[in-house]
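Chains, contacts and geometry: an overview
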Amino acid sequence: MLALSPPELVELIIALPATRTPFIWGPPGIGKSALVRDAADFLGIPCVTLLGTQLAPEDLIGVPRIREHGGRHVTEFCPPKAILRDEPYLLFIDELNSAVPDVQKAFYSLILDRRLGDYELPAASRVVGAGNRIEDRALVRPMATALSNRMVHVALEPNADAWLTWGASHGIHPLVLAFVRARPDRLAETPPSDATPAYPTPRAWHMLSDSLAAVSEDLWPALAAGSVGDRAGAEFAAFARRALLAPSLDDIARGDAQVPSDPDLIYFLGASCLSRIVSEREEDGLVAARALEALGAASMAVAVWTVDAALSRADKPAATRAFEEHIRTTGSQILVDVLRLGRFTR
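For the structure given in this document, a descriptive report is provided here. (Residues numbered from 1 in each chain as written. Predicted model: local features only at pLDDT ≥ 70, side-chain atom pairs only at ≥ 80, totals over all residues. Heavy atoms only, no water.)

Description of the sheet that holds strand 9 (residues 126-131)
Across a sheet, strands are paired by hydrogen bonds formed along the backbone, either parallel or antiparallel in direction. The six strands lie next to each other as 1-10-2-9-6-3, forming an open sheet whose pairing is parallel. Bordering the open sheet on either side are strand 1 (3-4) and strand 3 (47-51), each of which pairs with just one other strand. With five bridges joining them, strand 3 and strand 6 (residues 90-94) adopt parallel strand pairing. Bridge pairing in strand 6 links leucine 51 to aspartate 94. Contacts between helix 2 (residues 32-43) and the sheet are confined to strand 2 (21-25), strand 3, strand 6, strand 9 and strand 10 (151-156), with strand 6 contributing the most and set at about 175° to the helix. (Pairing = 2+ DSSP bridges. Helix = DSSP H or I, 4+ residues; strand = E, 2+ residues; numbered from the N terminus. Contact = heavy atoms within 4.5 Å. Axes fitted to C-alpha atoms, helices over the stretch in contact; angles between N-to-C directions.)

As structure tokens, then:
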């Protein structure tokens, strides 16, 4: 099967006919669930997730009850409330190939006919499956050919550029963004063959990002090692110590400090601009814009990446609007073109 990047996977889910079911293969923690939710958001329908490892057959078919019908007593099955809906939705079956055989069989009619017993999914509903691979050393069971032949199989491949774009619009910590930008090979690694519990994945970097602000800097090495593994964690901790020596955006914006020559620190400052423009204070946006002008003199590539990532945000708080307006009126022609064209080819 072919491997797709995250944007390509979302495009495939959206473009496939509603009657066809894609199955996404990939290692743990690379963003399969998040991308399916993004596709559902684009389609404007809710996403309902079922975990194959937590289901019994009756959880899908429903429990039986006896009712009167035409003077006789008949048995009918009551599907679970999460599935029983009147409006279209996206049903995401995660860990499908980890389910026991009886549960996999219960999915046959759902995947092919969009039906569970007497209940039929609303028209335009989608079904998406996902699971890990045998080589990932996760809990995986053989998938019956009768089930696998009912789906379109694709592999998801981690992509640093796509993840950085996503992270810039989802509040990923500037240190994490800058480190992955400088070391894209550390975004995702093969699960270790020994018993090491932590290793780099997009999900692990996201967890690290969420935790950095909550603990003291003295605990960052332990936090990084426990999130992304000893080797990547040590590299990140060393990078973070060096990045914290960079001048502040305020000093650069006022002209009180020069932009460092270290490319990694320039990336960190660009990511810091992104974190600065999420507030409702216009002054934060102006500081970020003035600092970015100085960054652009040292590395136009970082400046373009920063503006491009800012444009990927769905919301536009006051700081973002002030940032864009300052770039539009006083920025270099290249950055003005980035704003005018929307997305810029890196």
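So that's the structure; there's more coming.
A few points about the nonpolar core
If you look at soluble globular proteins, the nonpolar side chains tend to sit buried side by side. Of all hydrophobic cores here, the largest spans 57 residues; its most connected members are Trp163, Val176, Trp205, Phe236 and Phe323. Sequence-distant contacts of tryptophan 163, defined by excluding residues within four places in its chain, comprise Ile172, Val176, Leu177, Val180, Leu187, Pro202, Trp205 and His206. Core analysis: the next-biggest nonpolar cluster, separate from the first, contains 25 residues, Leu50, Tyr89, Ile93 and Met143 among them. (Core = buried A, V, L, I, M, F, W, Y, C linked by side-chain atoms within 4.5 Å. Buried < 20%, exposed > 50% of the residue type's maximum accessible area, 1.4 Å probe, protein only.)

Some thoughts on the packing of helix 11 (residues 230-243) against helix 13 (residues 263-276)
Working note: a packed helix pair is described by the angle between its axes plus the distance between those axes. One way to put it is that helix 11 packs onto helix 13 with a least axis distance of 10 Å and a crossing angle of 75°. By the angle class used here, helix 11 and helix 13 are roughly perpendicular. Here helix 11 contributes Phe239, Arg242 and Ala243 to the contact with helix 13, which in turn contributes Asp264, Leu265 and Phe268. Class assignment of the residues belonging to the contact of helix 11 with helix 13 gives a composition of four nonpolar, no polar and two charged. (Parallel < 35°, antiparallel > 145°, perpendicular 65-115°, else oblique. Nonpolar A, V, L, I, M, F, W, Y, C, P; charged D, E, K, R; others polar.)

Focus: the packing of aromatic side chains
Evaluated as defined, the whole model comprises six aromatic pairs. Taking the centre distance of 5.7 Å and the plane angle of 85° together, the rings of phenylalanine 179 and phenylalanine 236 count as edge-to-face. Of the two residues, phenylalanine 179 sits in helix 8 (residues 174-182) while phenylalanine 236 sits in helix 11, which places them 57 residues apart along the sequence. On the basis of relative accessibility, which here comes to 2%, the residue phenylalanine 179 falls in the buried class. For phenylalanine 236, a relative accessible area of 0% puts it in the buried group. Their ring planes at 70° and their centres at 5.6 Å tell us that phenylalanine 179 and phenylalanine 239 sit as a pair that is edge-to-face. Pair noted here: phenylalanine 179 is in helix 8 and phenylalanine 239 is in helix 11, with a separation of 60 residues, a long-range link. A single burial state applies to phenylalanine 179 and to phenylalanine 239, both of which are buried. An aromatic cluster is present here, built from Phe179, Trp205, Phe236 and Phe239 joined pairwise through their rings. When the ring centre of tyrosine 89 is taken as origin, the NZ or CZ atom of arginine 85, which lies over that ring, is 5.5 Å away. (Phe/Tyr/Trp six-rings, centres within 6.5 Å; stacked < 30°, edge-to-face > 60°. Lys NZ or Arg CZ within 6 Å of the ring centre and 35° of its normal.)

Considerations on helix 13
Taking 1.5 Å as the rise per residue, helix 13 with 14 residues should run 20 Å; its terminal C-alpha atoms sit 20 Å apart, in good agreement. With ten of 14 residues buried, helix 13 is to be regarded as a mostly interior element. What helix 13 keeps buried is the set Leu265, Ile266, Tyr267, Phe268, Leu269, Gly270, Ala271, Ser272, Cys273 and Leu274. Buried residues along helix 13 sit in contact with helix 7 (160-168), helix 8, helix 11, helix 12 (249-254), helix 14 (282-298) and helix 15 (300-311). (Expected span 1.5 Å × (residues − 1).)

A look at the side chain of threonine 201
Here threonine 201 lies in the loop between helix 8 and helix 9 (202-212). When near neighbours in sequence (up to four residues on either side) are disregarded, threonine 201 contacts Pro28, Gly29, Leu187 and Ala188.

Details of the pattern of salt bridges
On inspection of all chains with the given rule, the structure shows 19 salt bridges. The salt bridge involving arginine 183 is made with glutamate 235; its shortest N-O contact spans 3.2 Å. Placement of the pair is arginine 183 in the loop between helix 8 and helix 9 and glutamate 235 in helix 11, with a sequence separation of 52 residues. In this structure, arginine 290 engages glutamate 283 in a salt bridge whose closest nitrogen and oxygen atoms are separated by 3.7 Å. Of the residues examined, arginine 290 reaches a relative accessible area of 32% and is grouped as partly exposed. Here glutamate 283 falls in the partly exposed class, since its relative accessible area comes to 38%. In this structure, a network of salt bridges that share partners links the residues Arg183, Asp185, Arg186, Glu189, Arg231 and Glu235. (Salt bridge = Lys/Arg side-chain N within 4 Å of Asp/Glu carboxyl O.)

Concerning the packing of helix 16 (residues 318-330) against helix 17 (residues 333-341)
The contact between helix 16 and helix 17 brings their axes to 8 Å, and the two run at 125°. Between helix 16 and helix 17, the interaxial angle falls into the category oblique. The element helix 16 and its partner helix 17 pack so that their crossing is left-handed. Residues Glu324, Ile327 and Arg328 of helix 16 touch helix 17, and the partners they reach there are Leu335, Val336 and Leu339. Class assignment of the residues belonging to the contact of helix 16 with helix 17 gives a composition of four nonpolar, no polar and two charged. (Left-handed = near helix turned anticlockwise from the far one by under 90°.)

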